Amino acid sequence: MTNQQLHQRRSQVIAQGMGALYPLYVEKAENAYVWDIEGNKYIDFAAGIAVTNTGHANKRISEAVKAQLDNFSHTCAMVTPYASFVELAEKLTELAPGETKKKAIFLTTGAEAVENAVKVARAHTGRSGVIAFKGGFHGRTNMTMGLTGKVAPYKAGFGPFPNEIYHAPYPNAFHGISVEQSLQAIDDLFACDIEPSRVAAIIFEPVQGEGGFYQAPQAFAQGLRQLCDKHGILLIADEIQTGFARTGKMFATEYLGIEPDLMTMAKGIAGGFPISAVVGKANVMDSALPGGLGGTYAGSPLGCVAGLEVLKIIEEEDLCAKAMGIGEVVNARMTKLQETVPAIGEIRTIGAMMAIEFTDPESGQPMQDMTKAVISKAQENGLILLSCGVKANVIRLLPPLTIESQVLSEGLDKLENIITQVSNAAV
């Protein structure tokens, strides 16, 4: 069986809306390496979109899950719960930024976490409106598509979306949007679209993920906190892609000097096992009536034991420090490359959440074709890459935080060669 043969079979049975970036079918993976069914080996700079922060097939996580599987795989935590369900909640409420007492709920996907954060905010405030940001990504359900600030491919053809969702520009120095302009835009919404007394929540990503890896300035986050406090609005930090040591902190909100009212968590929470969470101030989280939150697979015992082991690995292997080290290496290498590749408009590294944005050095216009070419050349060069950005002109790098230094270096050698080849071909 070849990759191409399996890809042809896939096209016959999988709807095209469920895309596939690479016709690469995985047979096994270990830490930062992936092997396909043809035996080709790749260095993984995607980590399942920031999911396997602790590496592929981490033995500690595998053993914890196997032991749980020998006992039971599912009972439904809302019917007959289990110790790991409570223990993971205890850990997460302790780790969440801020001094206020916290409570948690568990779900299965990131989109579910966002949906339930909005539900909690509406239950607590008795209000319905939600403000999100242009360039933000919050999921593919109807509510979360409405919150997402990127049309293609996430919203195109799927409307209408829920009422009373509003978008403001996210601050972005590289693209000329200041903190003041972004905050003023929210005031304009209050003046023109919805009075603040009808807004339940403002949701933001401390680092926009799908939008292009732009970090929220501290002044912006603190301005949001003040705005929310002034008007009785809840502040939701979407930490789904930024959480669990990815940015060099357990949560990216720790860079901002604020305490959100609610946080959404998923992706890296359990090293590849499906589970998500909402963690928030206890009095806020208790606003929903019993039975109003949850789901059949919410807080899976497999996900809970995996999550507990992930937290131990992050602490014992100091993955926050390792994330910072990865970012420093990538930043140094890409900054040097920028000297010979003027199409590299900006390099952004927040720990091991790293991005390269391609822009025309003369016009400043986004270079989508170059981004596509880099992605398309990655597979033949033994590298797995992801793109992002509202204008589809950003390469994002998300290797496992456990990647060995020599493997990271080898992967960056490959990336530099690909970018140089594509850049030279474009001249």
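Counting starts from 1 at the beginning of each chain's written sequence and moves along it residue by residue. Local features in this predicted model are restricted to residues whose pLDDT is 70 or higher, and side-chain atom pairs enter the listing and the counts only when it is 80 or higher, whereas totals over whole chains, interfaces and linings include all residues. Working from all heavy atoms in the structure, the side-chain values ignore hydrogens and water.

**Here's the deal with the packing of aromatic side chains**
Two rings belonging to Phe, Tyr or Trp (six-membered ring only in the last case) form a pair when the distance between their centres is within 6.5 Å. Interplanar angles under 30 degrees mark stacking, angles over 60 mark edge-to-face geometry, and anything in between is tilted. Across all of its chains, the model carries 10 aromatic pairs by this definition. Ring centres 5.3 Å apart and planes at 75 degrees place the aromatic pair Phe 244 and Phe 251 in the edge-to-face group. Each residue in the set Phe 72, Tyr 82, Phe 85 and Phe 106 is aromatic and connected to the rest through ring pairs, giving one cluster. The residue whose ring lies beneath Lys 28 is Trp 35, and the NZ or CZ to ring-centre distance is 4.8 Å. Sitting above the plane of the Tyr 33 ring, Lys 41 keeps its charged end 4.3 Å from the centroid. Placement of a charge over a ring requires the Lys NZ or Arg CZ to be within 6 Å of the ring centre, with the centre-to-atom vector within 35 degrees of the ring normal.

**Examining the environment of Ala 123**
Each helix is a run of DSSP H or I of at least 4 residues and each strand a run of E of at least 2, with the numbering of both proceeding from the N terminus. With respect to the helices, strands and loops of the structure, Ala 123 is situated in helix α5 (residues 110–125). Each residue's exposure class comes from its accessible area (1.4 Å probe, protein chains only) as a fraction of the maximum for that residue type: buried when under 20%, exposed when over 50%, partly exposed otherwise. Assessed through its relative accessible area of 40%, Ala 123 is described here as partly exposed. Whether two residues are in contact is decided by their heavy atoms: any pair within 4.5 Å suffices. The contacts of Ala 123, once residues within four sequence positions are left out, are Ser 287 and Ala 288.

**Considering helix α7 (residues 179–192)**
In this analysis, the expected span of each helix is defined as 1.5 Å times one less than the number of residues it contains. Taking 1.5 Å of rise per residue, the 14 residues of α7 would be expected to cover 20 Å, and the 20 Å separating its terminal C-alpha atoms lies within 8% of that figure. Of all the positions in α7, only Val 179, Ser 182, Ala 185, Ile 186, Leu 189 and Phe 190 are classed as buried. The buried residues of α7 occupy one face: seen down the axis, they fall within an arc of 145 degrees. Of the exposed residues in α7, those oriented more than 90 degrees away from the buried face are Glu 180, Ala 191 and Cys 192. Elements in contact with the buried residues of α7: β5 (129–133), β6 (165–168), β7 (199–204) and α8 (218–231). Arc definition: directions from the helix axis to the C-beta atoms.

**Overview of the sheet that holds strand β16 (residues 386–388)**
Pairing between two strands requires that DSSP report at least two bridges joining them. Pairing is antiparallel across the open sheet formed by 4 strands, whose spatial order is β13-β14-β17-β16. With partners counted over all chains shown, the strands left at the sheet margins are β13 (344–350) and β16, one partner each. Strand-to-strand twist of the sheet, defined as the mean angle between neighbouring strand axes without regard to direction, takes the value 25 degrees. Pairing between β13 and strand β14 (residues 353–358): 6 bridges, direction antiparallel. From the neighbouring strand, Ile 347 faces β14, where its bridge partner is Ile 356. Note on method: axes are straight lines fitted to C-alpha atoms, helices fitted across the in-contact stretch only, with angles between N-to-C directions ranging 0 to 180 degrees. Along the sheet, helix α12 (residues 368–380) makes contact with β14, β16 and β17 (394–397), crossing β17 at roughly 40 degrees.

**Comments concerning the nonpolar core**
Counting 110 residues, the largest nonpolar core has Leu 92, Phe 204, Phe 358, Leu 385, Leu 415 and Ile 419 as its most contacted members. Sort the elements by how many residues they give to this core and helix α10 (residues 301–316) lands first, with 9 residues. When near neighbours in sequence (up to four residues on either side) are disregarded, Ile 419 contacts Leu 337, Val 341, Ile 344, Ile 356, Phe 358, Met 370 and Val 374. To qualify as a nonpolar core, a set must consist of buried Ala, Val, Leu, Ile, Met, Phe, Trp, Tyr and Cys residues joined through side-chain atoms within 4.5 Å. By size, the runner-up hydrophobic cluster in this structure holds 26 residues, among which are Ala 117, Ala 201, Leu 262 and Val 278.

**Considering the pattern of salt bridges**
One speaks of a salt bridge when a side-chain nitrogen belonging to Lys or Arg is within 4 Å of a carboxyl oxygen belonging to Asp or Glu. Tallied over the full model, the rule gives 18 salt bridges. For Glu 259, the salt bridge is made with Lys 102, and the minimal N-O distance between the two is 2.9 Å. Residue Glu 259 is found in the loop between β10 (234–238) and β11 (262–265), and its partner Lys 102 is found in strand β4 (residues 102–107); the two are separated by 157 residues along the sequence. On the basis of relative accessible area, Glu 259 is assigned to the buried category, the value being 17%. Judged by its relative accessible area of 8%, Lys 102 falls in the buried class. Two residues, Arg 198 and Glu 195, come together in a salt bridge whose shortest N-O distance is 2.9 Å. Taking relative accessible area as the criterion, Glu 195 reaches 34% and is therefore assigned partly exposed. Within this structure, Arg 60, Glu 309, Lys 312 and Glu 316 form a network of salt bridges that share partners.

**Some details on the packing of α7 against α8**
With their axes 9 Å apart at the nearest point, α7 and α8 run at an angle of 25 degrees to one another. Viewed along their axes, α7 and α8 adopt a mutual orientation that is roughly parallel. Judged by the twist between their axes, the crossing of α7 over α8 is right-handed. Between α7 and α8, the residues in contact are Val 179, Ser 182, Leu 183, Ile 186, Asp 187 and Phe 190 and Ala 219, Phe 220, Gly 223, Leu 224, Leu 227 and His 231, respectively. The classification used treats Ala, Val, Leu, Ile, Met, Phe, Trp, Tyr, Cys and Pro as nonpolar, Asp, Glu, Lys and Arg as charged, and all other residues, Gly among them, as polar. For the contact of α7 with α8, a count of residues per class yields 8 nonpolar, 3 polar and 1 charged. We call two directions roughly parallel when the angle between them is under 35 degrees, roughly antiparallel when it is over 145, roughly perpendicular when it lies between 65 and 115, and oblique otherwise. Crossings are assigned a handedness: left-handed for a near helix turned anticlockwise from the far helix by less than a right angle, right-handed for a clockwise turn.

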